[in-house]
Amino acid sequence: MPDPSATSDAPVRPRLRFAPSPTGYLHVGGARTALFNWLYARHTGGQFLLRIEDTDRARSTEASTRAIFEGLQWLGLTWDEEVVYQGANLERHRRDGERLLAAGAAYRCFCTPEELDERRAAAEARRETFRYDRRCDRLPVDDVERRVAAGMPYAIRFRVPAGTIEWDDLVHGRIAFPNKDIEDFVVLRSDATPVYNMAVVSDDIAMRVTLVMRGDDHISNTPKQILLYRALGADVPGFAHLPMIHGTDGKKLSKRHGATAVADYQGQGILPTAMLNFLALLGWSPGGDREIMTLPEMVELFGPGGLQRKAAVFDPQKLEWMNGQHLSMMPLGELLPRVTPALVRAGLTTADALAAQPEWYAALVDLLRVRARTINDIVRQAEPYLCETITYDPEAVAKQWKDPAASAALLEASRDALAASPSWTPEALESALRALAESRAIAAGKLFQPLRVALTGLTVSPGIFDVLVLLGRDRALSRIDAAIRHLR
Ligand code: GLU
(Lines give C-alpha, C1' and ligand atoms only; values in the text may rest on other atoms or scores of the structure.)
Protein backbone atom coordinates (compact mmCIF):
# COMPACT_ATOMS: atom_id res chain seq x y z
CA MET A 1 0.00 0.00 0.00
CA PRO A 2 1.46 3.37 -0.92
CA ASP A 3 1.54 5.91 1.86
CA PRO A 4 -1.36 8.29 1.00
CA SER A 5 0.37 11.22 2.68
CA ALA A 6 3.26 10.80 0.28
CA THR A 7 1.21 11.48 -2.87
CA SER A 8 1.57 14.81 -4.62
CA ASP A 9 -2.17 15.38 -4.17
CA ALA A 10 -1.71 15.99 -0.45
CA PRO A 11 -2.94 19.53 0.22
CA VAL A 12 -0.13 22.04 0.42
CA ARG A 13 -0.01 23.79 3.74
CA PRO A 14 0.12 27.56 3.28
CA ARG A 15 3.56 29.11 3.55
CA LEU A 16 3.79 32.84 4.05
CA ARG A 17 6.65 35.16 4.67
CA PHE A 18 7.44 38.58 6.01
CA ALA A 19 10.27 40.09 3.96
CA PRO A 20 11.44 43.38 5.50
CA SER A 21 14.38 45.38 4.21
CA PRO A 22 16.62 46.11 7.21
CA THR A 23 17.05 49.79 6.50
CA GLY A 24 15.45 51.28 9.62
CA TYR A 25 13.44 50.38 12.69
CA LEU A 26 10.43 48.07 12.58
CA HIS A 27 7.62 50.49 11.80
CA VAL A 28 3.93 49.95 12.37
CA GLY A 29 3.27 49.24 8.67
CA GLY A 30 5.85 46.45 8.66
CA ALA A 31 4.51 45.06 11.91
CA ARG A 32 0.99 45.05 10.46
CA THR A 33 2.20 43.10 7.41
CA ALA A 34 4.06 40.66 9.64
CA LEU A 35 0.99 40.17 11.83
CA PHE A 36 -1.37 39.50 8.92
CA ASN A 37 1.01 36.92 7.47
CA TRP A 38 1.44 35.34 10.89
CA LEU A 39 -2.32 35.26 11.59
CA TYR A 40 -3.04 33.70 8.22
CA ALA A 41 -0.39 31.05 8.79
CA ARG A 42 -1.62 30.28 12.31
CA HIS A 43 -5.27 30.24 11.25
CA THR A 44 -4.64 27.75 8.45
CA GLY A 45 -2.04 25.61 10.18
CA GLY A 46 0.58 26.90 7.75
CA GLN A 47 4.07 28.26 8.19
CA PHE A 48 5.26 31.81 8.81
CA LEU A 49 8.74 32.56 7.48
CA LEU A 50 11.05 35.51 7.89
CA ARG A 51 13.32 36.78 5.14
CA ILE A 52 15.65 39.70 5.64
CA GLU A 53 16.01 41.50 2.31
CA ASP A 54 19.51 42.79 2.84
CA THR A 55 20.72 42.98 -0.75
CA ASP A 56 20.97 46.76 -0.61
CA ARG A 57 24.36 46.70 1.08
CA ALA A 58 24.62 50.45 1.38
CA ARG A 59 21.37 50.88 3.30
CA SER A 60 21.06 47.60 5.23
CA THR A 61 22.39 47.55 8.76
CA GLU A 62 22.81 44.94 11.43
CA ALA A 63 21.22 47.24 14.00
CA SER A 64 18.13 47.40 11.86
CA THR A 65 18.01 43.60 11.47
CA ARG A 66 18.24 43.33 15.26
CA ALA A 67 15.44 45.89 15.68
CA ILE A 68 13.21 43.78 13.41
CA PHE A 69 13.91 40.62 15.43
CA GLU A 70 13.31 42.42 18.71
CA GLY A 71 10.10 44.04 17.52
CA LEU A 72 8.69 40.73 16.25
CA GLN A 73 9.75 38.95 19.43
CA TRP A 74 8.16 41.61 21.62
CA LEU A 75 4.92 41.13 19.71
CA GLY A 76 5.26 37.36 19.92
CA LEU A 77 5.25 36.90 16.13
CA THR A 78 7.65 33.98 16.07
CA TRP A 79 8.77 32.47 12.78
CA ASP A 80 8.82 28.77 12.00
CA GLU A 81 12.06 28.19 10.15
CA GLU A 82 15.53 29.62 10.17
CA VAL A 83 15.73 33.24 9.05
CA VAL A 84 16.58 33.58 5.36
CA TYR A 85 19.04 36.31 4.43
CA GLN A 86 18.46 37.36 0.84
CA GLY A 87 22.05 38.49 0.45
CA ALA A 88 23.25 34.92 1.04
CA ASN A 89 21.37 33.70 -2.04
CA LEU A 90 22.89 35.89 -4.74
CA GLU A 91 24.37 32.86 -6.46
CA ARG A 92 20.94 31.25 -6.86
CA HIS A 93 19.41 34.53 -8.04
CA ARG A 94 22.09 34.67 -10.72
CA ARG A 95 21.52 31.06 -11.75
CA ASP A 96 17.78 31.70 -12.02
CA GLY A 97 18.43 34.77 -14.15
CA GLU A 98 20.62 32.69 -16.45
CA ARG A 99 18.00 29.98 -16.63
CA LEU A 100 15.68 32.60 -18.11
CA LEU A 101 18.28 33.33 -20.76
CA ALA A 102 18.84 29.64 -21.52
CA ALA A 103 15.08 29.06 -21.79
CA GLY A 104 14.73 31.89 -24.30
CA ALA A 105 12.59 34.01 -21.96
CA ALA A 106 15.28 36.68 -21.73
CA TYR A 107 18.01 38.14 -23.90
CA ARG A 108 21.38 39.82 -23.53
CA CYS A 109 21.33 43.58 -23.61
CA PHE A 110 24.60 45.31 -24.44
CA CYS A 111 23.28 48.85 -24.07
CA THR A 112 25.38 50.71 -21.55
CA PRO A 113 23.85 52.77 -18.72
CA GLU A 114 25.15 55.93 -20.47
CA GLU A 115 23.41 55.02 -23.72
CA LEU A 116 20.19 54.26 -21.89
CA ASP A 117 20.39 57.57 -19.99
CA GLU A 118 20.87 59.43 -23.24
CA ARG A 119 17.86 57.78 -24.86
CA ARG A 120 15.78 58.39 -21.76
CA ALA A 121 16.69 62.09 -21.81
CA ALA A 122 15.89 62.31 -25.52
CA ALA A 123 12.49 60.68 -24.97
CA GLU A 124 11.75 63.07 -22.15
CA ALA A 125 12.72 66.02 -24.34
CA ARG A 126 10.08 64.78 -26.79
CA ARG A 127 7.65 64.47 -23.86
CA GLU A 128 7.46 60.71 -24.32
CA THR A 129 7.82 58.07 -21.65
CA PHE A 130 10.94 56.06 -22.24
CA ARG A 131 10.57 52.38 -22.78
CA TYR A 132 13.39 50.08 -23.85
CA ASP A 133 13.04 49.60 -27.60
CA ARG A 134 14.27 45.98 -27.66
CA ARG A 135 17.09 46.78 -30.03
CA CYS A 136 19.38 44.13 -28.48
CA ASP A 137 16.68 41.51 -28.96
CA ARG A 138 16.97 42.16 -32.69
CA LEU A 139 20.74 41.60 -32.85
CA PRO A 140 21.71 38.74 -35.17
CA VAL A 141 22.87 35.63 -33.30
CA ASP A 142 26.40 35.78 -34.68
CA ASP A 143 26.68 39.42 -33.60
CA VAL A 144 25.67 38.47 -30.08
CA GLU A 145 28.19 35.64 -30.06
CA ARG A 146 30.93 37.94 -31.28
CA ARG A 147 30.21 40.50 -28.53
CA VAL A 148 30.13 37.83 -25.83
CA ALA A 149 33.40 36.36 -27.10
CA ALA A 150 34.93 39.82 -27.05
CA GLY A 151 33.98 40.14 -23.39
CA MET A 152 31.49 42.96 -23.86
CA PRO A 153 29.46 43.43 -20.68
CA TYR A 154 25.75 42.75 -20.90
CA ALA A 155 22.67 42.75 -18.72
CA ILE A 156 19.97 40.10 -18.99
CA ARG A 157 16.61 41.49 -19.96
CA PHE A 158 13.28 39.71 -19.67
CA ARG A 159 11.30 39.57 -22.90
CA VAL A 160 7.77 40.53 -21.91
CA PRO A 161 5.32 38.57 -24.07
CA ALA A 162 2.13 40.01 -25.52
CA GLY A 163 -1.02 39.63 -23.49
CA THR A 164 -2.33 40.60 -20.10
CA ILE A 165 -1.24 39.60 -16.62
CA GLU A 166 -4.15 38.96 -14.29
CA TRP A 167 -4.54 37.63 -10.79
CA ASP A 168 -7.21 37.33 -8.14
CA ASP A 169 -5.92 39.46 -5.34
CA LEU A 170 -7.21 38.39 -1.93
CA VAL A 171 -7.81 42.04 -1.07
CA HIS A 172 -8.59 43.77 -4.36
CA GLY A 173 -10.23 41.02 -6.36
CA ARG A 174 -9.30 40.64 -10.04
CA ILE A 175 -6.40 42.83 -11.10
CA ALA A 176 -5.28 43.04 -14.74
CA PHE A 177 -2.19 44.71 -16.21
CA PRO A 178 -1.78 44.89 -20.02
CA ASN A 179 1.71 43.60 -20.84
CA LYS A 180 2.23 46.40 -23.33
CA ASP A 181 2.66 48.71 -20.34
CA ILE A 182 5.54 46.65 -19.00
CA GLU A 183 8.91 47.21 -20.64
CA ASP A 184 11.44 44.44 -21.10
CA PHE A 185 12.99 44.73 -17.68
CA VAL A 186 16.49 43.83 -16.56
CA VAL A 187 16.73 40.75 -14.33
CA LEU A 188 20.53 40.56 -13.98
CA ARG A 189 22.70 43.64 -14.19
CA SER A 190 25.97 43.58 -16.13
CA ASP A 191 27.83 42.78 -12.88
CA ALA A 192 25.54 39.70 -12.56
CA THR A 193 23.70 41.07 -9.52
CA PRO A 194 19.94 40.46 -9.55
CA VAL A 195 17.39 43.24 -9.57
CA TYR A 196 14.89 43.34 -6.75
CA ASN A 197 12.06 41.43 -8.51
CA MET A 198 14.45 38.66 -9.60
CA ALA A 199 15.73 38.17 -6.04
CA VAL A 200 12.24 38.17 -4.53
CA VAL A 201 10.85 35.63 -7.00
CA SER A 202 13.90 33.37 -6.77
CA ASP A 203 13.63 33.40 -2.97
CA ASP A 204 9.87 32.95 -2.86
CA ILE A 205 10.19 29.92 -5.14
CA ALA A 206 13.03 28.46 -3.06
CA MET A 207 11.08 29.06 0.17
CA ARG A 208 7.97 27.49 -1.43
CA VAL A 209 5.84 30.50 -0.53
CA THR A 210 2.20 29.91 -1.44
CA LEU A 211 0.74 33.31 -0.55
CA VAL A 212 2.48 36.67 -0.81
CA MET A 213 0.87 39.18 1.54
CA ARG A 214 2.44 42.63 1.51
CA GLY A 215 1.71 46.35 1.31
CA ASP A 216 -0.13 47.53 -1.79
CA ASP A 217 2.83 49.74 -2.70
CA HIS A 218 4.10 46.49 -4.27
CA ILE A 219 1.14 45.97 -6.63
CA SER A 220 3.10 47.31 -9.60
CA ASN A 221 5.86 44.71 -9.02
CA THR A 222 3.42 41.82 -9.10
CA PRO A 223 2.89 41.52 -12.90
CA LYS A 224 6.65 41.33 -13.43
CA GLN A 225 6.97 38.78 -10.67
CA ILE A 226 4.18 36.64 -12.16
CA LEU A 227 5.99 36.72 -15.52
CA LEU A 228 9.15 35.48 -13.80
CA TYR A 229 7.37 32.64 -11.98
CA ARG A 230 5.89 31.42 -15.24
CA ALA A 231 9.10 31.68 -17.19
CA LEU A 232 10.92 29.75 -14.45
CA GLY A 233 8.25 27.04 -14.59
CA ALA A 234 7.17 27.61 -10.99
CA ASP A 235 3.69 27.73 -9.48
CA VAL A 236 2.47 31.29 -9.12
CA PRO A 237 1.55 31.97 -5.48
CA GLY A 238 -1.55 33.84 -4.35
CA PHE A 239 -1.29 37.56 -3.67
CA ALA A 240 -2.86 39.82 -1.08
CA HIS A 241 -1.97 43.49 -1.20
CA LEU A 242 -2.79 45.18 2.09
CA PRO A 243 -4.07 48.75 2.16
CA MET A 244 -1.94 51.75 2.97
CA ILE A 245 -1.93 53.16 6.48
CA HIS A 246 -2.89 56.82 6.87
CA GLY A 247 -2.75 59.22 9.79
CA THR A 248 -5.98 60.67 11.18
CA ASP A 249 -5.57 63.56 8.69
CA GLY A 250 -5.93 61.14 5.77
CA LYS A 251 -2.28 61.49 4.69
CA LYS A 252 0.17 58.62 4.35
CA LEU A 253 1.50 57.71 7.79
CA SER A 254 4.88 59.31 8.46
CA LYS A 255 6.97 60.62 11.31
CA ARG A 256 4.94 63.84 11.17
CA HIS A 257 2.15 61.86 12.80
CA GLY A 258 4.28 61.01 15.83
CA ALA A 259 5.76 57.67 16.80
CA THR A 260 5.76 55.13 13.97
CA ALA A 261 8.29 52.68 15.40
CA VAL A 262 6.97 49.65 17.23
CA ALA A 263 9.73 50.15 19.82
CA ASP A 264 8.40 53.63 20.66
CA TYR A 265 5.08 52.14 21.72
CA GLN A 266 6.87 49.49 23.72
CA GLY A 267 8.70 52.34 25.49
CA GLN A 268 5.41 54.14 26.16
CA GLY A 269 4.06 51.21 28.13
CA ILE A 270 1.78 49.81 25.44
CA LEU A 271 1.12 46.10 25.92
CA PRO A 272 2.02 43.78 23.05
CA THR A 273 -1.48 42.29 23.14
CA ALA A 274 -3.01 45.75 22.68
CA MET A 275 -0.55 46.64 19.92
CA LEU A 276 -1.42 43.40 18.11
CA ASN A 277 -5.15 44.02 18.50
CA PHE A 278 -4.74 47.55 17.17
CA LEU A 279 -2.55 46.48 14.22
CA ALA A 280 -4.97 43.69 13.34
CA LEU A 281 -7.70 46.25 12.68
CA LEU A 282 -5.53 48.23 10.24
CA GLY A 283 -6.98 46.64 7.13
CA TRP A 284 -8.95 43.77 8.61
CA SER A 285 -12.22 43.42 10.46
CA PRO A 286 -13.60 40.28 12.09
CA GLY A 287 -17.10 41.51 11.23
CA GLY A 288 -19.76 43.30 13.23
CA ASP A 289 -18.53 45.88 15.72
CA ARG A 290 -16.08 43.54 17.30
CA GLU A 291 -12.85 45.30 18.24
CA ILE A 292 -11.28 43.98 21.43
CA MET A 293 -9.67 40.60 20.84
CA THR A 294 -6.95 38.47 22.34
CA LEU A 295 -4.35 36.94 20.06
CA PRO A 296 -5.94 33.46 20.12
CA GLU A 297 -9.27 35.06 19.19
CA MET A 298 -7.64 36.87 16.29
CA VAL A 299 -6.06 33.63 15.08
CA GLU A 300 -9.46 31.98 15.14
CA LEU A 301 -11.29 34.80 13.36
CA PHE A 302 -8.67 35.85 10.81
CA GLY A 303 -9.51 35.17 7.19
CA PRO A 304 -9.31 36.81 3.77
CA GLY A 305 -13.03 37.65 3.92
CA GLY A 306 -12.34 40.39 6.46
CA LEU A 307 -9.49 42.05 4.53
CA GLN A 308 -10.29 45.61 3.53
CA ARG A 309 -9.31 47.71 0.53
CA LYS A 310 -9.70 51.19 1.86
CA ALA A 311 -6.75 52.84 3.54
CA ALA A 312 -6.52 52.09 7.24
CA VAL A 313 -6.34 54.93 9.78
CA PHE A 314 -3.69 54.92 12.46
CA ASP A 315 -5.16 56.72 15.48
CA PRO A 316 -2.80 56.71 18.50
CA GLN A 317 -5.67 57.67 20.80
CA LYS A 318 -7.52 54.57 19.81
CA LEU A 319 -4.39 52.56 20.54
CA GLU A 320 -4.27 54.04 24.05
CA TRP A 321 -7.91 53.29 24.63
CA MET A 322 -7.38 49.74 23.43
CA ASN A 323 -4.39 49.42 25.70
CA GLY A 324 -6.59 50.41 28.64
CA GLN A 325 -8.99 47.62 27.70
CA HIS A 326 -6.18 45.10 27.53
CA LEU A 327 -4.72 46.34 30.83
CA SER A 328 -8.06 45.63 32.46
CA MET A 329 -8.54 42.17 31.01
CA MET A 330 -5.00 40.85 31.25
CA PRO A 331 -4.51 38.24 34.00
CA LEU A 332 -2.83 39.98 36.96
CA GLY A 333 -0.14 37.31 36.96
CA GLU A 334 0.93 38.54 33.52
CA LEU A 335 0.50 42.21 34.22
CA LEU A 336 2.52 42.44 37.45
CA PRO A 337 5.85 41.38 35.89
CA ARG A 338 5.39 44.23 33.39
CA VAL A 339 4.50 46.84 36.00
CA THR A 340 7.27 45.97 38.47
CA PRO A 341 10.23 47.04 36.30
CA ALA A 342 8.42 50.26 35.39
CA LEU A 343 7.91 51.11 39.08
CA VAL A 344 11.53 50.29 39.85
CA ARG A 345 12.76 52.38 36.91
CA ALA A 346 10.70 55.30 38.18
CA GLY A 347 12.54 55.01 41.50
CA LEU A 348 9.34 54.38 43.48
CA THR A 349 10.25 51.04 45.01
CA THR A 350 12.38 47.93 44.64
CA ALA A 351 11.43 44.52 43.32
CA ASP A 352 12.26 43.05 46.76
CA ALA A 353 9.95 45.45 48.56
CA LEU A 354 7.08 44.46 46.26
CA ALA A 355 7.87 40.77 46.56
CA ALA A 356 7.64 41.09 50.35
CA GLN A 357 3.95 42.02 50.16
CA PRO A 358 2.57 40.20 47.11
CA GLU A 359 -1.12 40.39 48.00
CA TRP A 360 -1.01 44.06 48.76
CA TYR A 361 0.86 44.75 45.52
CA ALA A 362 -1.60 42.71 43.45
CA ALA A 363 -4.54 44.55 45.04
CA LEU A 364 -2.89 47.90 44.33
CA VAL A 365 -2.33 47.21 40.62
CA ASP A 366 -5.77 45.66 40.29
CA LEU A 367 -7.35 48.87 41.58
CA LEU A 368 -5.13 51.25 39.63
CA ARG A 369 -5.44 49.55 36.25
CA VAL A 370 -9.14 50.41 36.01
CA ARG A 371 -8.27 54.11 35.54
CA ALA A 372 -5.12 53.57 33.50
CA ARG A 373 -4.56 53.46 29.75
CA THR A 374 -0.88 52.67 29.91
CA ILE A 375 1.58 51.11 32.32
CA ASN A 376 3.03 54.59 32.70
CA ASP A 377 -0.39 55.73 34.00
CA ILE A 378 -0.26 52.99 36.61
CA VAL A 379 3.20 54.15 37.64
CA ARG A 380 2.03 57.75 38.02
CA GLN A 381 -0.98 56.74 40.10
CA ALA A 382 0.99 54.31 42.25
CA GLU A 383 3.23 56.94 43.78
CA PRO A 384 1.07 57.82 46.84
CA TYR A 385 0.98 54.16 47.91
CA LEU A 386 4.69 53.46 47.51
CA CYS A 387 6.28 56.65 48.84
CA GLU A 388 6.34 57.87 52.42
CA THR A 389 5.50 61.46 51.67
CA ILE A 390 3.19 62.90 49.08
CA THR A 391 3.00 66.22 47.35
CA TYR A 392 -0.32 67.97 46.93
CA ASP A 393 -1.27 68.58 43.32
CA PRO A 394 -1.97 72.37 43.15
CA GLU A 395 -5.05 71.73 41.05
CA ALA A 396 -6.44 69.31 43.60
CA VAL A 397 -5.77 71.81 46.40
CA ALA A 398 -7.43 74.67 44.50
CA LYS A 399 -10.48 72.56 43.81
CA GLN A 400 -11.01 70.51 46.96
CA TRP A 401 -9.42 72.62 49.69
CA LYS A 402 -10.86 75.98 48.65
CA ASP A 403 -11.59 77.00 52.22
CA PRO A 404 -8.63 75.73 54.27
CA ALA A 405 -10.26 76.19 57.68
CA ALA A 406 -13.45 74.39 56.64
CA SER A 407 -11.47 71.60 54.94
CA ALA A 408 -9.33 71.13 58.05
CA ALA A 409 -12.43 70.86 60.20
CA LEU A 410 -13.97 68.23 57.91
CA LEU A 411 -10.71 66.29 57.82
CA GLU A 412 -10.51 66.35 61.61
CA ALA A 413 -14.02 64.97 61.94
CA SER A 414 -13.28 62.31 59.31
CA ARG A 415 -10.09 61.36 61.09
CA ASP A 416 -11.89 60.83 64.38
CA ALA A 417 -14.64 58.79 62.76
CA LEU A 418 -12.10 56.59 60.95
CA ALA A 419 -9.89 56.16 64.02
CA ALA A 420 -12.94 55.02 65.99
CA SER A 421 -13.91 52.42 63.39
CA PRO A 422 -13.86 48.96 64.97
CA SER A 423 -12.09 47.48 61.95
CA TRP A 424 -10.11 48.73 58.93
CA THR A 425 -12.14 47.22 56.10
CA PRO A 426 -13.83 49.02 53.20
CA GLU A 427 -17.28 48.23 54.66
CA ALA A 428 -16.54 49.43 58.19
CA LEU A 429 -14.82 52.59 56.94
CA GLU A 430 -17.67 53.35 54.61
CA SER A 431 -20.30 53.13 57.34
CA ALA A 432 -18.15 55.30 59.63
CA LEU A 433 -17.89 58.07 57.05
CA ARG A 434 -21.50 57.83 55.91
CA ALA A 435 -22.70 58.08 59.52
CA LEU A 436 -20.57 61.19 59.94
CA ALA A 437 -21.98 62.79 56.78
CA GLU A 438 -25.49 62.04 57.94
CA SER A 439 -24.93 63.50 61.41
CA ARG A 440 -23.70 66.72 59.80
CA ALA A 441 -26.42 66.67 57.14
CA ILE A 442 -23.91 66.97 54.28
CA ALA A 443 -23.44 64.90 51.14
CA ALA A 444 -20.87 62.12 51.65
CA GLY A 445 -18.89 63.45 48.68
CA LYS A 446 -18.17 66.60 50.68
CA LEU A 447 -16.12 64.41 53.03
CA PHE A 448 -14.57 62.13 50.41
CA GLN A 449 -13.08 64.76 48.10
CA PRO A 450 -10.92 66.65 50.64
CA LEU A 451 -9.97 63.28 52.14
CA ARG A 452 -8.77 62.01 48.78
CA VAL A 453 -6.41 64.97 48.48
CA ALA A 454 -5.13 64.40 52.02
CA LEU A 455 -4.43 60.72 51.29
CA THR A 456 -3.11 60.83 47.74
CA GLY A 457 -2.49 64.50 46.86
CA LEU A 458 -4.61 63.88 43.74
CA THR A 459 -8.17 64.40 42.57
CA VAL A 460 -8.47 60.96 41.02
CA SER A 461 -7.78 57.67 42.71
CA PRO A 462 -9.52 54.36 43.27
CA GLY A 463 -12.56 54.44 45.55
CA ILE A 464 -11.75 56.23 48.81
CA PHE A 465 -12.34 53.15 51.02
CA ASP A 466 -10.00 51.09 48.88
CA VAL A 467 -7.42 53.87 49.18
CA LEU A 468 -7.73 53.82 52.97
CA VAL A 469 -7.25 50.07 53.08
CA LEU A 470 -4.31 50.12 50.65
CA LEU A 471 -2.56 52.75 52.76
CA GLY A 472 -3.26 50.95 56.02
CA ARG A 473 -4.52 52.52 59.26
CA ASP A 474 -1.33 54.16 60.52
CA ARG A 475 -0.27 55.68 57.24
CA ALA A 476 -3.79 56.89 56.42
CA LEU A 477 -4.29 58.57 59.79
CA SER A 478 -0.89 60.23 59.76
CA ARG A 479 -1.51 61.56 56.24
CA ILE A 480 -4.77 63.12 57.41
CA ASP A 481 -2.91 64.65 60.36
CA ALA A 482 -0.27 66.05 58.04
CA ALA A 483 -2.97 67.57 55.81
CA ILE A 484 -4.67 69.21 58.80
CA ARG A 485 -1.33 70.69 59.87
CA HIS A 486 -0.73 71.87 56.32
CA LEU A 487 -4.13 73.56 56.12
CA ARG A 488 -3.72 75.35 59.47
N1 GLU B 1 11.41 44.04 1.17
C2 GLU B 1 10.17 44.58 0.73
C3 GLU B 1 9.77 45.72 1.63
O4 GLU B 1 10.28 45.85 2.72
C5 GLU B 1 9.04 43.56 0.75
C6 GLU B 1 9.05 42.70 -0.44
C7 GLU B 1 7.88 41.75 -0.53
O8 GLU B 1 7.16 41.55 0.47
O9 GLU B 1 7.71 41.15 -1.57
O10 GLU B 1 8.95 46.52 1.24
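1. Observations concerning the overall build of the protein chain
Here comes step 1: Across its full length, the protein chain holds 21 helices and twelve strands.
Here comes step 2: Projected onto its principal axes, the C-alpha positions of the protein chain cover 110 × 70 × 40 Å.
Here comes step 3: Once local pairs closer than 6 in sequence are excluded, the contacts in the protein chain between residues at least 24 apart make up 75%.

2. Some words on the state of the cysteines
Here comes step 1: Counted according to the given criterion, the structure contains zero disulfides.
Here comes step 2: No disulfide involves Cys 109; its sulfur sits 3.8 Å from the nearest other cysteine sulfur, which is in Cys 111.

3. A few points about the site of the ligand
Here comes step 1: Neighbouring residues of the ligand: Arg 17, Ala 19, Pro 20, Ser 21, Glu 53, Tyr 196, Val 200, Arg 214 and His 218.
Here comes step 2: At a separation of 2.7 Å, an oxygen atom of the ligand approaches a polar side-chain atom of Arg 17.
Here comes step 3: A distance of 3.0 Å is found between a nitrogen atom of the ligand and a side-chain nitrogen or oxygen belonging to Ser 21.
Here comes step 4: About the coverage of the ligand: the protein hides 80% of its 300 Å² of free accessible area.
Here comes step 5: For the shell around the ligand, a count of residues per class yields four nonpolar, two polar and three charged.

4. As for the pairing of strand S5 (residues 155-158)
Here comes step 1: On S5, burial covers both faces: Ala 155 and Arg 157 on one face and Ile 156 and Phe 158 on the other are all buried.
Here comes step 2: As paired strands, strand S4 (residues 106-109) and S5 are joined by four bridges and run antiparallel to one another. In the strand pairing of S5, Arg 108 is matched with Ile 156.
Here comes step 3: The pairing of S5 with strand S8 (residues 186-188) spans two bridges and is classified as antiparallel. Among the inter-strand pairings, Ile 156 is bridged to a residue of S8, identified as Leu 188.

5. Regarding the packing of aromatic side chains
Here comes step 1: Within the structure shown, the criterion is met by eleven aromatic pairs.
Here comes step 2: Taking the centre distance of 4.9 Å and the plane angle of 65° together, the rings of Tyr 392 and Trp 401 count as edge-to-face.
Here comes step 3: Site record: aromatic cluster; members linked through ring pairs are Phe 36, Trp 284 and Phe 302.
Here comes step 4: Taking NZ or CZ as reference, Arg 32 lies 5.6 Å from the ring centre of Phe 36, over its face.
Here comes step 5: Over the aromatic face of Tyr 154 sits the side chain of Arg 108, whose NZ or CZ is 5.0 Å from the ring centroid.

6. A few points about the pattern of salt bridges
Here comes step 1: Throughout the structure, instances matching the rule amount to 30 salt bridges.
Here comes step 2: The residue Arg 51 makes a salt bridge to Asp 203 at a minimum N-O spacing of 3.7 Å. Taken as a pair, Arg 51 in strand S2 (residues 47-52) and Asp 203 in helix H6 (residues 196-206) lie far apart in primary sequence, 152 residues in all.
Here comes step 3: Residue Asp 56 is joined to Arg 59 by a salt bridge in which the shortest nitrogen-to-oxygen separation is 3.7 Å.
Here comes step 4: In this structure Asp 56 comes out as partly exposed when scored by relative accessible area, which is 33%.
Here comes step 5: Here Arg 59 falls in the exposed class, since its relative accessible area comes to 52%.
Here comes step 6: Within the structure, one salt-bridge network assembled from shared partners comprises Arg 17, Arg 51, Glu 53, Arg 92, Asp 203 and Asp 204.

Reading the values: the criteria
Residues numbered from 1 in each chain as written. Predicted model: local features only at pLDDT ≥ 70, side-chain atom pairs only at ≥ 80, totals over all residues. Heavy atoms only, no water. Helix = DSSP H or I, 4+ residues; strand = E, 2+ residues; numbered from the N terminus. Contact = heavy atoms within 4.5 Å. Disulfide = S-S within 2.5 Å. Near = heavy atom within 4 Å. Polar contact = N/O pair within 3.5 Å; in protein donor to acceptor, adjacent residues only side chain to side chain. Areas by Shrake-Rupley, 256 points an atom, 1.4 Å probe, with all protein chains shown as cover. Nonpolar A, V, L, I, M, F, W, Y, C, P; charged D, E, K, R; others polar. Buried < 20%, exposed > 50% of the residue type's maximum accessible area, 1.4 Å probe, protein only. Pairing = 2+ DSSP bridges. Phe/Tyr/Trp six-rings, centres within 6.5 Å; stacked < 30°, edge-to-face > 60°. Lys NZ or Arg CZ within 6 Å of the ring centre and 35° of its normal. Salt bridge = Lys/Arg side-chain N within 4 Å of Asp/Glu carboxyl O.

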